[in-house]
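Remarks on the overall topology
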Amino acid sequence: ITPVVMVAYILSKDIKARCFFGVSAGIGICGILVANTDASYIGLNVMIMVITAVFSCEKKYFVRVLDLGAIISFSILLIKLIYGLCDGARGRSSITKSIMNQPVLVYITLTAVLILIRILLVKFVNKNIVYKIINIAICVIWTICIAAFVMLFIYFSVINREASFYGLEEILRFNQKWGTD
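Residues numbered from 1 in each chain as written. Predicted model: local features only at pLDDT ≥ 70, side-chain atom pairs only at ≥ 80, totals over all residues. Heavy atoms only, no water.

The next subject is the state of the cysteines. Within the structure shown, the criterion is met by zero disulfides. Unpaired in this structure, Cys 139 has its nearest cysteine sulfur neighbour in Cys 57, at a distance of 8.8 Å. (Disulfide = S-S within 2.5 Å.)

In structure tokens form, the structure reads like this:
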């Protein structure tokens, strides 16, 4: 349901509805972080790729995509702080561990940068050609990321099943441990 409320957030015209969908998206992200299922990250990332590719070509939608990025970053920060305060909290899946192992400052900075970019775009950039260029750049970046992920996934799952890659082999190697912990 999180991807649905993310799209609803972008498309909603009413500020109250947008606030509702924004909070719902944040709660959904928190739910994914504590769900202990790596597969949910694939669905979420695919939806984020689709959302950014589809909605980055117009200013009003791209600004809301940036808002969603800030909501996601803030949600991660919130769950990270909760896990830090709760001794003996529920275990985490391998992807959640890698997300939570980042310093708090990373998520504070990411949230602040996304908000700052949003403010600057709203204030200074009004030409649609800029957003079309951003859209093309996003699509190229996603294509490169998908190709790299597929190549790494094949390498760690089929070609070299023993290789280590800074702990990411848990994510990139498909075996009986992959998925729900």
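Let us look at the pattern of salt bridges. Inspection of every chain in the model, using the stated rule, returns one salt bridge. One salt bridge in this structure joins Asp 67 and Arg 118, with 2.5 Å as the shortest N-O distance. On the criterion of sequence distance, the pair formed by Asp 67 in helix α4 (residues 59-85) and Arg 118 in helix α6 (residues 104-124) is long-range, its members being 51 residues apart. (Salt bridge = Lys/Arg side-chain N within 4 Å of Asp/Glu carboxyl O. Helix = DSSP H or I, 4+ residues; strand = E, 2+ residues; numbered from the N terminus.)

Turning our eyes to something else, we now look at the confidence of the model for the chain. Predicted confidence across the chain gives a mean pLDDT of 82, with 86% of residues reaching 70 or more. Per-residue pLDDT, averaged within each element of the chain, yields its smallest value for helix α8 (residues 169-172) (64) and its largest for helix α1 (residues 2-11) (92). (pLDDT = per-residue confidence, 0-100.)

This paragraph deals with the packing of aromatic side chains. Within the structure shown, the criterion is met by three aromatic pairs. Considering the side-chain rings of Phe 55 and Tyr 61, the 5.5 Å spacing of their centres and the 65 degrees angle between planes classify their relative orientation as edge-to-face. Each of the two residues, Phe 55 as well as Tyr 61, counts as buried. (Phe/Tyr/Trp six-rings, centres within 6.5 Å; stacked < 30°, edge-to-face > 60°. Buried < 20%, exposed > 50% of the residue type's maximum accessible area, 1.4 Å probe, protein only.)

What follows covers the side chain of Thr 111. Tracing the backbone through its elements, the reader meets Thr 111 in helix α6. Its relative accessible area of 12% is what places Thr 111 among the buried residues. Polar contacts involving the side chain of Thr 111 include one to the main-chain carbonyl oxygen of Tyr 107, which spans 2.8 Å. The residues contacting Thr 111, other than those within four sequence positions of it, are Ala 70, Ser 73 and Phe 74. (Polar contact = N/O pair within 3.5 Å; in protein donor to acceptor, adjacent residues only side chain to side chain. Contact = heavy atoms within 4.5 Å.)

Right, let's get into the packing of helix α3 (residues 39-55) against α4. Packed helix pairs are characterised by how far apart their axes lie and by the angle those axes make with each other. Here α3 crosses α4 at 155 degrees, and the two axes come no closer than 9 Å. Comparing the axis directions of α3 and α4 gives the class roughly antiparallel. Between α3 and α4, the contacting residues are Ile 48, Ile 51, Thr 52 and Phe 55 on the first element and Tyr 61, Phe 62, Val 65 and Ile 72 on the second. The residue makeup of the contact of α3 with α4, split by class, is seven nonpolar, one polar and no charged. (Axes fitted to C-alpha atoms, helices over the stretch in contact; angles between N-to-C directions. Parallel < 35°, antiparallel > 145°, perpendicular 65-115°, else oblique. Nonpolar A, V, L, I, M, F, W, Y, C, P; charged D, E, K, R; others polar.)

As a further point, take the side chain of Arg 64. Locating Arg 64 in the fold gives a position in helix α4. Look at Arg 64: it is buried, it has no salt bridge, and the nearest opposite charge is Asp 67 at 5.9 Å. Of the polar contacts made by the side chain of Arg 64, one reaches the backbone oxygen of Ile 10; its length is 2.6 Å. The contact partners of Arg 64, leaving out residues within four places of it in the chain, are Tyr 9, Ile 10, Leu 11, Ser 12 and Arg 18. (Lys, Arg positive; Asp, Glu negative; His and termini not counted.)

Here we come to a nonpolar patch on the surface. Residues Ile 146, Phe 149, Val 150, Ile 154, Tyr 155, Val 158 and Ile 159 make up a contiguous nonpolar surface patch of roughly 640 Å² in combined accessible area. Looking at the element boundaries, Ile 159 is found in helix α7 (residues 128-159). For Ile 159, a relative accessible area of 62% gives the class exposed. (Patch = residues over 30% accessible without salt bridge, like charges linked within 9 Å, V, L, I, M, F, W, Y side chains within 5 Å. Areas by Shrake-Rupley, 256 points an atom, 1.4 Å probe, with all protein chains shown as cover.)

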